[in-house]
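Fold and contact review
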Amino acid sequence: MKSSLVTTLAAFATVAAFPSVSQALTFDFEFDAVFNGPPLDPPIVGTGTFSFDGDPGDGTFALTSLPNFDFFFDVNGATFTNADIATPVANVTAVISTIGSDRFVNFSGTGGGPFGGSIDFVNGLGNNITFQPGGGSLYQRPDIGVGGTYIGTVSATPESVPEPASALGLLMLGGLGVTSLIKKKTV
């Protein structure tokens, strides 16, 4: 009986210790202060990231279909995160494209936010940012009357993110080791 329990635990621990790894796709953003479209013109007035689990390839994707999406922008000294999204997220799409060896993201959708952009953010300090409707590369900060161009480019390689099961697998392997030591002492 004990040996079948140990065998079962060993099998479970082996599977759990080697979980699948998902890929997190991260787009790095830069913002300038010139309202003219790409390329960016110095000075760069903001940076940020948009990331999510997996890589759906190129196309137009509902924001709600991108698992664990996460925004962080710092533009002209104001920061914006998921908590600051003022557009209904069901109305936002991410447009991912590849040009040459570079991958880009813009936002589109049906809007519905306070500034009519493809995605609008309003933070707790009253700062706001709105992205050009229709997948364009322009943004505005209506609260301070400035805007410019943004470019969101994918990081060089998607980041590997271990699934949560890996911690459980390590715990099970530790339990298996303790069980083996107890078994050896009782024999």
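Model, not experiment: these values are computed from the prediction.

**Concerning the overall build of the protein chain**
- Looking only at helices and strands, one finds two helices and twelve strands in the protein chain.
- Ordered by position from the N terminus, the helices and strands of the protein chain form the series α-β-β-β-β-β-β-β-β-β-β-β-β-α.
- Buried positions account for 37% of the 187 residues belonging to the protein chain.
- By sequence separation, contacts in the protein chain at least 24 residues apart represent 60% of the contacts at least 6 residues apart.
- Split by element, the accessible area of the protein chain, about 9,700 Å² in all, is 63% carbon and sulfur.

**Some thoughts on the side chain of T149**
- Relative to the helices and strands, T149 is located in strand β11 (residues 146-154).
- In terms of polar contacts, T149 uses its side chain to reach the backbone amide nitrogen of G37, at 2.9 Å.
- Excluding residues that lie within four positions of it along the chain, T149 makes contacts with E30, F31, D32, V34, F35, N36, G37, P38, L40, S137, L138 and Y139.

**A closer look at the confidence of the model for the protein chain**
- Per-residue confidence for the protein chain averages 81 on the pLDDT scale, and 71% of its residues sit at or above 70.
- Low pLDDT (under 50) marks residues 4-21, which in the prediction has 23 contacts with non-local residues, meaning those over four places away or in another chain.
- Low confidence marks residues 157-182, where pLDDT is under 50. Its contacts with residues over four positions away, or in another chain, come to 34 contacts.

**A word on the packing of aromatic side chains**
- Considering all chains together, one arrives at 23 aromatic pairs under this definition.
- Aromatic pair F29 and F73: ring centres 5.0 Å apart, planes at 70 degrees, arrangement edge-to-face. Here F29, found in strand β1 (residues 21-32), pairs with F73, found in strand β4 (residues 70-75); they are 44 residues apart in sequence, far enough to count as distant. The exposure classification of F29 matches that of F73, with both residues buried.

**A short note on the pairing of β11**
- The element β11 is largely enclosed, with a buried count of seven among its nine residues.
- Pairing geometry for strand β7 (residues 102-109) and β11, over two bridges, is antiparallel. Considered in β11, the bridge of V105 is made with G152.
- Examined bridge by bridge, strand β10 (residues 138-141) and β11 share four bridges and lie antiparallel to one another. Looking across to β11, one finds that L138 is bridged to T149.
- Linking β10 back to β11 in an antiparallel pair, the connection comprises four residues, with G145 at a positive phi of about 70 degrees.

**What about the nonpolar core?**
- Judged by nonpolar contacts, the single largest core of 28 residues is most densely connected at F50, F71, F107 and F131.
- Put simply, the parts of the chain that give this core at least two residues each are β1, β2 (44-53), β4, β5 (78-81), β6 (92-99), β7, β9 (128-131) and β11.
- Ranked by the residues each element gives to this core, the list is headed by β1, at four residues.
- Beyond its immediate stretch of four places on either side in the chain, F131 contacts F31, F73, F107, G117, S118, I119, D120, F121, L138, Y139 and Y150.

**So, the pattern of salt bridges**
- Inspection of the entire model under this criterion finds three salt bridges.
- Across the salt bridge formed by R103 and D58, the nearest N and O atoms sit 3.5 Å from each other. Pair noted here: R103 is in strand β7 and D58 is in the loop between β2 and β3 (59-62), with a separation of 45 residues, a long-range link.
- Taking the relative accessible area as the measure of exposure, R103 reaches 14% and is therefore buried.
- Here D143 ties to R141 by a salt bridge, and the two come within 2.7 Å at their closest N and O atoms.
- A relative accessible area of 1% places R141 in the buried class.

Criteria and cut-off values
Throughout this description, residue numbers start from 1 for each chain and increase along the sequence as written. Local features in this predicted model are restricted to residues of pLDDT 70 or higher, and side-chain atom pairs are both shown and tallied only at a pLDDT of 80 or more, whereas totals for entire chains, interfaces and linings draw on every residue. Only hydrogens and water are set aside; all other atoms, that is, all heavy atoms of the structure, feed into the side-chain values. Only runs of H or I of at least four residues qualify as helices and only runs of E of at least two qualify as strands under DSSP, and these elements are numbered from the N terminus. With a 1.4 Å probe rolled over the protein chains alone, any residue whose accessible area is under 20% of its type maximum counts as buried; one over 50% counts as exposed, and the rest are partly exposed. In this description, contact between two residues means that some pair of their heavy atoms is separated by no more than 4.5 Å. To be clear on the numbers: accessible area is Shrake-Rupley with a 1.4 Å probe, and residue cover counts the displayed protein chains and nothing else. As used in this structure description, the phrase polar contact means that two N or O atoms lie within 3.5 Å; if the pair is within protein, one of them must be able to donate a hydrogen and the other to accept it, and residues adjacent in sequence are counted only when both atoms belong to side chains. pLDDT measures how confident the predictor is about each residue, on a scale from 0 to 100. Aromatic pairing here means that ring centres of Phe, Tyr or Trp (its six-membered ring) are within 6.5 Å. Orientation follows from the plane angle: under 30 degrees is stacked, over 60 is edge-to-face, and everything else is tilted. Strand pairing is assigned whenever DSSP detects at least two bridges linking the two strands. The nonpolar core is taken to be a set of buried Ala, Val, Leu, Ile, Met, Phe, Trp, Tyr and Cys residues, with the residues joined through side-chain atoms within 4.5 Å. For this document, the term salt bridge refers to a Lys or Arg side-chain nitrogen within 4 Å of an Asp or Glu carboxyl oxygen.

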